[in-house]
Amino acid sequence: MFHLTEEHLAVKEAARQFAQNELKPGVIDRDRHMHYPKEQVRQMAELGFLGMMVPPEYGGGGMDTLAYVLAMEEISKVDASCAVIMSVNNSLVCWGLETYGTETQKQQYLPKLATGEWIGSFCLSEPEAGSDATSQRTTAVDMGDHYLINGTKNWITNGGTSNVHLVIAQTYPEKGHRGINAFIVETAWPGVTIGAKEDKLGIRSSDTHTIMYSDVKVPKENRIGDDGFGFKFAMNTLNGGRIGIAAQALGIAAGAYELSVAYSKEREAFGKPISKHQAIAFKLADMATEIEAARLLVYRSAILKDQGVDYSQAAAMAKLFASEVAMRHTVEAVQIHGGYGYVKEYHVERLMRDAKITQIYEGTSEVQRIVISRNVLDGELYVPMPGQLAASV
Ligand code: CAA
């Protein structure tokens, strides 16, 4: 088993208290009315949940990835919308900038993003480039001292509220993915238009928009990394993002499981609590087992990232498995709750709707299988190194 430090346990407990006390009371209403959780995001910022892994010198918490997934798990048990807002800001935007940004870029943007003064978006997906992310139609034309960006991005988390976008765009179409660049674009700049807000099945209070860029002038110093590094930037950053979404999926599954255990002990049928009926008890046993397996994969991927070991395959496995577990077991949670599971008041129908997106965004389950199978077929069978699983973290 993993050994969690006092600090990890404190972070997990703080996230749990916040989720149960502050997020739970309004979560049904926010979901129903697609209300962006502005006040709750402010509270998350105050608690340090928006820049957890950013070094303190840039205004962040200086924590490791394991602390981040522990917080993500607890928040996702209650409010998966708040969790994705947190995840995109932490693991795609802040981590991407901190890892690949110049010192000037970091000083200019990280303190605002890590403290929640600003919120960030990661703009890769397009109307015709989802899983096939190399087919970028958004262009970034080199104009000497600046780039001109034109194009449309889809399904952008935090799209209506973010102040800064990390935008992936094609500069040299003839070079394929090696001609792609990544840029820091401020939403207040001329030419950035926020399109319609999506009316979604789940994570309804998160803010998902289409974004249009029309002749947006981006200074050259806002390109991230070397010329042509944009696709690698996106893939490397998404490897960490996938750990965050795996933790979200784990939390959704665990939240539905906790509700199911409690309900099954209270609800009586045929003269005894339904938990005493084997049909329900066995469902709970399967849920507990698979959630624990997902937890091990998620924590392992976080620990590998913290240890500086290649974690792309571990992250893909964690996301693939945890999101499938979330979908399967939120459906079971609704079944355990019977008719009550089908109404909003009991939370599990929302968790079931929220679970679905974890199989889609930051790489569908099919994309995770591409990543895993390529590693497997390349002969890179993943075997944890001795000591990794027992590592004191
Ligand atoms: N880590 C590091 N590098 C990777 C990588 C990974 N996981 N996956 C691919 N690469 C590298 C490859 O090694 C290759 O580099 P070289 O040319 O130097 O060898 C390069 O990227 C191109 O890869 P492929 O040749 O494999 O490209 P492909 O077109 O065959 O397939 C893909 C690539 C894996 C399918 C990729 O396009 C992909 O991951 N697609 C999914 C995109 C995605 O996750 N989108 C999520 C949107 S963001 C979002 O959801 C945020 C939000 O708001 C919630």
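Above this text sits the structure in question.
Let me sum up the structure you'll find in this document. Throughout this document, residue positions are counted from 1 along each chain, in the order its sequence is written. Whole-chain, interface and lining totals are the exception, using all residues; otherwise, since this is a predicted model, local features are given only for residues with pLDDT of at least 70 and side-chain atom pairs are given and counted only at 80 or more. Think of the side-chain values as coming from all heavy atoms in the structure, minus any hydrogens and water.

Quick word on the overall build of the chain
Thought 1: A run of H or I in DSSP counts as a helix once it spans at least four residues, and a run of E counts as a strand once it spans at least two, with each numbered from the N terminus. The secondary structure content of the chain amounts to eleven helices and ten strands.
Thought 2: Two things to know: the radius of gyration comes from C-alpha atoms, and the globule rule equals 2.2 Å times the number of residues to the power 0.38. Taken against the 2.2 N^0.38 rule, which gives 21 Å for 393 residues, the C-alpha radius of gyration of the chain at 21 Å falls within 12% of a compact globule.
Thought 3: With the C-alpha coordinates aligned to their principal axes, the bounding extent of the chain is approximately 80 × 50 × 40 Å.
Thought 4: The criterion used for residue contact is that any of the two residues' heavy atoms lie within 4.5 Å. Considering only intrachain contacts with a sequence separation of at least 6, the fraction spanning at least 24 residues in the chain is 75%.
Thought 5: Exposure was quantified through the Shrake-Rupley algorithm and a 1.4 Å probe, taking into account, for residues, occlusion by the shown protein chains and nothing else. Surface summary for the chain: the accessible area is close to 16200 Å², and the carbon and sulfur share equals 55%.
Thought 6: Charged residues are defined here as Lys and Arg on the positive side and Asp and Glu on the negative side; His and the ends of the chain fall outside this count. By convention, charge coordinates are those of NZ in Lys, CZ in Arg, CG in Asp, or CD in Glu. Positive and negative charge centroids in the chain, built from 38 and 47 side chains respectively, lie 5 Å apart.

Re the site of the ligand
Thought 1: Nearness of a residue to a molecule or strand requires only that one of the residue's heavy atoms be within 4 Å of it. Close contacts around the ligand come from 24 residues, with Thr157, His177, Arg178, Lys232 and Arg374 the closest.
Thought 2: N or O atoms within 3.5 Å of each other form a polar contact, as long as, within protein, one can give a hydrogen and the other can take it, and as long as residues adjacent in sequence are counted only when both atoms are side-chain atoms. A distance of 3.5 Å separates an oxygen atom of the ligand from a polar atom in the side chain of Thr134.
Thought 3: Alone, the ligand offers 1100 Å² of accessible surface; in the complex the protein occludes 77% of this.
Thought 4: Within the residue set of the shell around the ligand, elements represented by two or more residues are α5 (80-100), α7 (230-266) and α11 (365-377).
Thought 5: Residues were grouped as follows: Ala, Val, Leu, Ile, Met, Phe, Trp, Tyr, Cys and Pro as nonpolar; Asp, Glu, Lys and Arg as charged; and all remaining residues, including Gly, as polar. Each residue belonging to the shell around the ligand can be placed in one class, and the counts come to ten nonpolar, nine polar and five charged.
Thought 6: The source of the domain bounds is an automatic or database domain assignment. In terms of domain composition, the shell around the ligand takes at least three residues from each of domain 2 (121-228) and domain 3 (231-377).

Some words on α11
Thought 1: To estimate the expected span of a helix, subtract one from its residue number and multiply by 1.5 Å. The end-to-end C-alpha distance of α11, which contains 13 residues, comes to 18 Å, matching closely the 18 Å that a straight helix rising 1.5 Å per residue would cover.
Thought 2: Residue exposure (1.4 Å probe, protein chains only): buried if accessible area is under 20% of the type maximum, exposed if over 50%, otherwise partly exposed. Residues of α11 that are buried include every one of Ser365, Val367, Gln368, Val371, Ile372 and Asn375, and no others. For α11, the buried positions fall inside an angular range of 170° around the axis, keeping them on one side. Of the exposed residues in α11, those oriented more than 90 degrees away from the buried face are Glu366, Arg374 and Leu377.
Thought 3: Looking at the buried side of α11, the elements it contacts are α7 and α9 (312-337).
Thought 4: Positive phi appears at Gly379, one or two residues downstream of α11, with a value of about 90°. Working note: the arc is built from the helix axis to C-beta atom directions.

Some points on the environment of Asn150
Thought 1: In this structure, Asn150 sits in strand β3 (residues 146-157).
Thought 2: For Asn150, the residues in contact, after removing those within four places along its chain, are Arg137, Thr138, Thr139, Tyr213, Ser214 and Asp215.
Thought 3: In terms of polar contacts, Asn150 uses its side chain to reach the backbone amide nitrogen of Asp215, at 2.7 Å.

What about the side chain of Asn154?
Thought 1: Looking at where Asn154 falls in the secondary structure, it is placed in strand β3.
Thought 2: Among the residues examined, Asn154 registers a relative accessible area of 11% and is labelled buried.

Here's the deal with the environment of Ser81
Thought 1: Checked against the element boundaries, Ser81 lands in helix α5.
Thought 2: Using a relative accessible area of 5% as the deciding quantity, one classes Ser81 as buried.

Some details on the packing of α7 against helix α8 (residues 278-306)
Thought 1: Closest axis-to-axis distance for the α7/α8 pair is 9 Å, and the angle between their directions is 155°. In terms of orientation, α7 and α8 fall into the roughly antiparallel class. Relative to α8, the crossing made by α7 is left-handed. Along its contact with α7, which presents Gly240, Ile243, Ala246, Ala247, Leu250, Ala253, Ala254, Ala256, Tyr257, Ser260, Val261 and Ser264, the element α8 presents Ile280, Leu284, Met287, Ala288, Ile291, Ala294, Arg295, Val298, Tyr299, Ser301, Ala302 and Lys305.
Thought 2: Residues of the contact of α7 with α8, tallied by class, amount to 18 nonpolar, four polar and two charged. Lines fitted to C-alpha atoms define the axes here, with helix axes fitted over just the stretch in contact, and angles between the N-to-C directions of these axes take values from 0 to 180 degrees. The scheme is simple: roughly parallel for angles under 35 degrees, roughly antiparallel for over 145, roughly perpendicular for 65 to 115, oblique for anything else. When the near helix sits turned anticlockwise from the far one by under a right angle, the crossing is termed left-handed; a clockwise turn instead gives a right-handed crossing.

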